[in-house]
Every structure is written in structure tokens, then in C-alpha cells.
Amino acid sequence: CEDNRQALAMPLGEINMSILVHMLSEVSLESRDVDTLLLSRIDIKPSATSAEDCTAVERFMFLARSCRRVAFVNCSAPPEVAIAICRSTSSLLRQIGQGCTV
């Protein structure tokens, strides 16, 4: 089994979801070449508005859904961002439960 791990250089300090999504979009996750997306030691800060966070989380889910596994390890996020991630995940799971292809 060949190990093709790639580290993505992230900005130092806290980043918001929009920056994270921008960085991940550079990797072409949609190609389905990424088996596992491991996000480690990232401190996520809130965006200027909760609407921006929700939009960025939706974009994140769109990118991450092509990966078999997604993990946040030793990351921190403010409650509003964590709630947006949970709601988006729940919505995606409901779509799958209703037979929609995601």
C-alpha cells in the first residue's frame, strides 16, 4: 500500500472557515483522490457574521463529502462555528437517509 500523504501549509494562528475552505479548494478534493482529510491543531475563529460561517461550512461540507473520512484532531472552534458544522453534517446525513446522492 502506497502512502501518499500530503501536508497543506496553513497560515499561523487562528483562521476562519472561509480561509480553511479556500486552502482546501486548492487541493482538489472533488477528484476523490483524497481518502482521509485530517485537520490537526487548527484554531478556527468566527467570521464577521454567522451567515459567512454558515456559507463557509456548507462549502467545506461540499469539499469534504468526497473524502471517505474527515477528522478534526486537537482543533478548536467557537460554539457558533461548531453548531454550523453539526447542522450541516446533520442535513447531509438526512439527505443520504432520503436516498439522495451526495
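The rules behind each value
Residues numbered from 1 in each chain as written. Predicted model: local features only at pLDDT ≥ 70, side-chain atom pairs only at ≥ 80, totals over all residues. Heavy atoms only, no water. Helix = DSSP H or I, 4+ residues; strand = E, 2+ residues; numbered from the N terminus. Buried < 20%, exposed > 50% of the residue type's maximum accessible area, 1.4 Å probe, protein only. Contact = heavy atoms within 4.5 Å. Areas by Shrake-Rupley, 256 points an atom, 1.4 Å probe, with all protein chains shown as cover. Core = buried A, V, L, I, M, F, W, Y, C linked by side-chain atoms within 4.5 Å. Salt bridge = Lys/Arg side-chain N within 4 Å of Asp/Glu carboxyl O. Axes fitted to C-alpha atoms, helices over the stretch in contact; angles between N-to-C directions. Parallel < 35°, antiparallel > 145°, perpendicular 65-115°, else oblique. Left-handed = near helix turned anticlockwise from the far one by under 90°. Nonpolar A, V, L, I, M, F, W, Y, C, P; charged D, E, K, R; others polar.

### A look at the overall build of the chain
Here is step 1: Of the regular secondary structure elements, the chain holds three helices and two strands.
Here is step 2: Starting at the N terminus and ending at the C terminus, the chain contains elements arranged as α-β-α-β-α.
Here is step 3: Relative to its 102 residues, the chain shows a buried fraction of 28%.
Here is step 4: Taking the intrachain contacts of the chain between residues at least 6 apart in sequence as the baseline, contacts between residues at least 24 apart amount to 79%.
Here is step 5: In the form shown here, the chain has an accessible surface area of approximately 6900 Å², with 52% of it arising from carbon and sulfur atoms.

### Considering the nonpolar core
Here is step 1: Core analysis: the biggest nonpolar cluster contains 21 residues, and Met 17, Leu 20, Leu 37 and Phe 60 have the highest contact counts within it.
Here is step 2: Of all the secondary structure elements, the ones that give two or more residues to this core are α1 (17-25), β1 (36-40), α2 (50-64) and α3 (79-97).
Here is step 3: Residue contributions to this core peak at six residues, all from α2.
Here is step 4: Those residues in contact with Met 17 that sit more than four places away from it in its chain are Ile 44, Lys 45, Ala 56, Val 57, Phe 60 and Val 81.

### Brief notes about the pattern of salt bridges
Here is step 1: Following the criterion strictly, the structure yields two salt bridges and no others.
Here is step 2: Among the salt bridges present, the one from Arg 68 reaches Asp 35, with a minimum N-O distance of 2.8 Å. Taken together, the positions of Arg 68 in the loop between α2 and β2 (69-73) and Asp 35 in the loop between α1 and β1 put the pair 33 residues apart, joining distant regions of the chain.
Here is step 3: With a relative accessible area of 33%, Asp 35 lands in the partly exposed category.

### Re the packing of α1 against α2
Here is step 1: Look at α1 against α2: their axes get within 8 Å of each other, and the N-to-C directions meet at 25°. Taken together, α1 and α2 sit at an angle that is classed as roughly parallel. Crossing hand, α1 versus α2: left-handed. Along its contact with α1, which presents Met 17, Ser 18, Leu 20, Val 21, Leu 24 and Ser 25, the element α2 presents Glu 52, Ala 56, Val 57, Arg 59, Phe 60 and Leu 63.
Here is step 2: Considering only residue class, the contact of α1 with α2 consists of eight nonpolar, two polar and two charged.

Everything listed is a geometric property; what it means functionally is a separate question.
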